[in-house]
Amino acid sequence: MAMQDDSSATRRPQIFHGGCHCGAVKFQVRVEQFEIIDCNCSICQKKGFLHLIVPPEQFELLQGAEALQTYRFNTGVAQHHFCGICGIAPFYRPRSHPQHYDVNARCLDDEPLEVLLQHFEVQPFDGRHWEQNIHQLTDQPPVEGHERLRES
Ligand SMILES: [Zn+2]
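Along each chain, the written sequence defines residue order, and numbers are assigned to residues from 1. Two thresholds apply to this predicted model, a pLDDT of at least 70 for residue-level local features and 80 or more for giving and counting side-chain atom pairs, whereas whole-chain, interface and lining totals are computed over all residues.

Asker: Explanation requested: the overall build of the chain in the structure shown.
Answerer: Elements are defined by DSSP. Helices are runs of H or I of four residues or more, strands are runs of E of two residues or more, and each kind is numbered from the N terminus. Per the secondary structure count, the chain includes three helices and ten strands. When the elements of the chain are put in sequence order from the N terminus, they spell out β-β-β-α-β-β-β-β-β-β-α-β-α. Burial in this document is a count-based property: other C-beta atoms within 10 Å of a residue's C-beta are tallied, and the residue is buried at 20 or more, exposed at 12 or fewer, or partly exposed in between, with C-beta positions derived from the backbone. Taken over 152 residues, the chain has a buried fraction of 28%.

Asker: I'm lost on the pairing of strand 9 (residues 101–104) in this one. Help?
Answerer: Along any regular strand, the residues point their side chains to alternate faces of the sheet. Of the two faces of strand 9, the one carrying Tyr101 and Val103 and the one carrying Asp102 and Asn104 are both buried. Criterion used throughout: strands pair if DSSP finds at least two bridges between them. Two strands pair when backbone bridges link them, and strand 8 (residues 91–92) and strand 9 are joined in this way by two bridges, in the antiparallel orientation. Note that in strand 9 the partner of Phe91 across the bridge is Val103.

Asker: Would you take a moment to explain the environment of Ile43 for this structure?
Answerer: Along the polypeptide, Ile43 turns up in helix 1 (residues 42–47). Counting along the chain gives 30 residues from Ile43 to Phe73, while the straight-line C-alpha distance between them is 10.0 Å.

Asker: Sorry if this is basic, but what is going on with the sheet that holds strand 5 (residues 59–63) here?
Answerer: Backbone-to-backbone hydrogen bonds join strands into a sheet, with any given pair of strands oriented parallel or antiparallel. As summarised here, the arrangement of the three strands in space is 1-2-5, forming an open sheet in which the pairing is antiparallel. The open sheet has two edge strands with one neighbour each: strand 1 (14–19) and strand 5. On average, each strand axis in the sheet is inclined to that of its neighbour by 25°, with strand direction left out of account. Of the strand pairs in this sheet, strand 1 and strand 2 (residues 26–31) are connected by six bridges, and their pairing is antiparallel. Orientation is described by lines fitted to C-alpha atoms, with helices fitted over the stretch in contact, and by angles between N-to-C directions that extend from 0 to 180 degrees.

Asker: Please explain the confidence of the model for the chain as it appears in this structure.
Answerer: In regions of low pLDDT, the predicted coordinates are not meant to be interpreted in detail. Residue-level pLDDT values for the chain average 85, and 84% of them are 70 or greater. Per residue, pLDDT measures the predictor's confidence, with a range of 0 to 100. Contacts are defined on C-beta atoms placed from the backbone: any two residues whose C-beta positions lie within 7 Å are in contact. With pLDDT under 50 throughout, residues 141–152 is counted as low confidence; its partners more than four residues away or in other chains account for 25 contacts.

Asker: It is not clear to me how the nonpolar core should be interpreted in this structure. Could you clarify?
Answerer: Nonpolar side chains tend toward joint burial in soluble globular proteins. Core analysis: the largest hydrophobic core is formed by 27 residues, its most contacted members being Leu52 and Ala105. Within the residue set of this core, elements represented by two or more residues are strand 2, strand 3 (35–39), strand 4 (50–54), strand 7 (80–83), strand 8 and strand 9. With residues near it in sequence (within four places) discarded, Ala105 still touches Ile36, Leu50, Leu52 and Leu116. Working definition: the nonpolar core is a set of buried Ala, Val, Leu, Ile, Met, Phe, Trp, Tyr and Cys residues, joined through C-beta atoms within 7 Å.

Asker: Which parts of the structure should I look at to understand unusual backbone geometry?
Answerer: For residues besides glycine, phi is generally negative; the peptide bonds are generally trans as well. Here the phi dihedral of Asn74 falls at roughly 55°; this positive angle occurs in a residue that is not glycine. Structurally, Asn74 can be placed in the loop between strand 6 (68–71) and strand 7. The class of Asn74 is partly exposed, set by 15 C-beta atoms lying within 10 Å.

Asker: Would you explain the pairing of strand 7 in this entry?
Answerer: Burial of the side chains of strand 7 extends over both faces: His80 and Phe82 are buried on one face and His81 and Cys83 on the other. Summarising the sheet, strand 6 and strand 7 pair through four bridges and their orientation is antiparallel. Each bridged residue has a counterpart across the sheet, and for Thr70 the counterpart in strand 7 is His81.

Here's what the structure looks like:
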């Protein structure tokens, strides 16, 4: 039996399915880059959010648009969606990539998290110091002379 190559650079694209806890919100996501960002900012730390960021054409909300509510804070750019029934936040629109979808890898249902994470490279991100570090995630230069904001 041939060994399957699971390295993130050579893996073929794969569809994953996920959702909230109560089942109202369901989505699928096509993963091409097997990279997860583990952010330590104020909200990600409390949510335990593990970021899988994909362009909009790779994300499809299958059901539950009407159940979603949105929390905004700080700059208000990020749309922190959550299920209005069970409170779980399976995906949102991040400040770093407002046109993209940011899926919480913990909310993918195809495999247990510890198995799922073996497919991905997990990169720590110091979101507590968002302005100094955001250029690591995007092509934007670091924001200079900005009000000392925390994070989104
Ligand atoms: Zn729910």
